[in-house]
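Residue-level listing of the chains:
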Amino acid sequence: MNPVQYRSVGSYVNAAAGDADITGDSIDAAQFTKASMLVVNTGTNTPAGNIYIQASDDNSTFVNASTAIAVSGAENNIITISDLCSRYIRFFYDSASGGASSTFTVHYTLKS
């Protein structure tokens, strides 16, 4: 039996401006089956939009793999995938309006 493995990275996305879409760098999650992302939003000027974990098998074409979580104002959210089948994942914030001077910081944890 193999031991459970973890990978945790703080400040994967660090203080990205919340007045436009935000796309995190691709993460190679090949040996993992679960993913979570903690999204910290300062909420200045009430950013509105949706956050997702996106997934890809070829590290080129990404699709939304998690359910959309609506963001409006200052809040913290956790996005999870409990049955990760794709090799690559990334964070995506789809900005709808507002958010001038707001920032998003994202941390992630992967588990085998």
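Because the structure is a prediction, the values reported are computed rather than measured. (Residues numbered from 1 in each chain as written. Predicted model: local features only at pLDDT ≥ 70, side-chain atom pairs only at ≥ 80, totals over all residues. Heavy atoms only, no water.)

**Examining the pattern of salt bridges**
(1) Moving on: What the rule picks out here adds up to 1 salt bridge.
(2) Moving on: When the shortest N-O distance is used, the salt bridge between Arg87 and Asp28 registers 2.8 Å. Taken together, the residues Arg87 in the loop between strand E8 (75-81) and strand E9 (88-97) and Asp28 in strand E3 (residues 27-28) connect sequence positions 59 residues apart.
(3) Moving on: When its relative accessible area of 40% is taken as the criterion, Arg87 is described as partly exposed.
(4) Moving on: In this structure Asp28 comes out as partly exposed when scored by relative accessible area, which is 29%. (Salt bridge = Lys/Arg side-chain N within 4 Å of Asp/Glu carboxyl O. Helix = DSSP H or I, 4+ residues; strand = E, 2+ residues; numbered from the N terminus. Buried < 20%, exposed > 50% of the residue type's maximum accessible area, 1.4 Å probe, protein only.)

**Observations concerning unusual backbone geometry**
(1) Moving on: Although it is not a glycine, Ser11 sits at a positive phi angle of roughly 55°.
(2) Moving on: Here Ser11 lies in strand E1 (residues 6-17).
(3) Moving on: The exposure class assigned to Ser11 is partly exposed, which follows from its relative accessible area of 38%.
(4) Moving on: Although it is not a glycine, Ser101 sits at a positive phi angle of roughly 75°.
(5) Moving on: Topologically, Ser101 is positioned in the loop between E9 and strand E10 (103-111).

**Examining the sheet that holds E8**
(1) Moving on: Read from one edge to the other, the open sheet built from 4 strands follows the order E1-E10-E4-E8, with strand pairing classed as antiparallel. What marks the edges here is a single partner per strand, and that holds for E1 and E8. This sheet shows a mean twist of 15° between the axes of neighbouring strands, independent of strand direction.
(2) Moving on: Sheet analysis places strand E4 (residues 34-41) next to E10, joined by 8 bridges and oriented antiparallel. Looking across to E10, one finds that Leu38 is bridged to His107. (Pairing = 2+ DSSP bridges. Axes fitted to C-alpha atoms, helices over the stretch in contact; angles between N-to-C directions.)

**Description of the packing of aromatic side chains**
(1) Moving on: As enumerated under the stated definition, the model contains 3 aromatic pairs in all.
(2) Moving on: Between Tyr12 and Tyr108 the ring centres are 5.2 Å apart and the planes differ by 90°, which places this aromatic pair in the edge-to-face class. Here Tyr108 lies in strand E10 and Tyr12 lies in strand E1, a separation of 96 residues in the sequence. Considered together, Tyr12 and Tyr108 belong to a single accessibility category, that of buried residues. (Phe/Tyr/Trp six-rings, centres within 6.5 Å; stacked < 30°, edge-to-face > 60°.)

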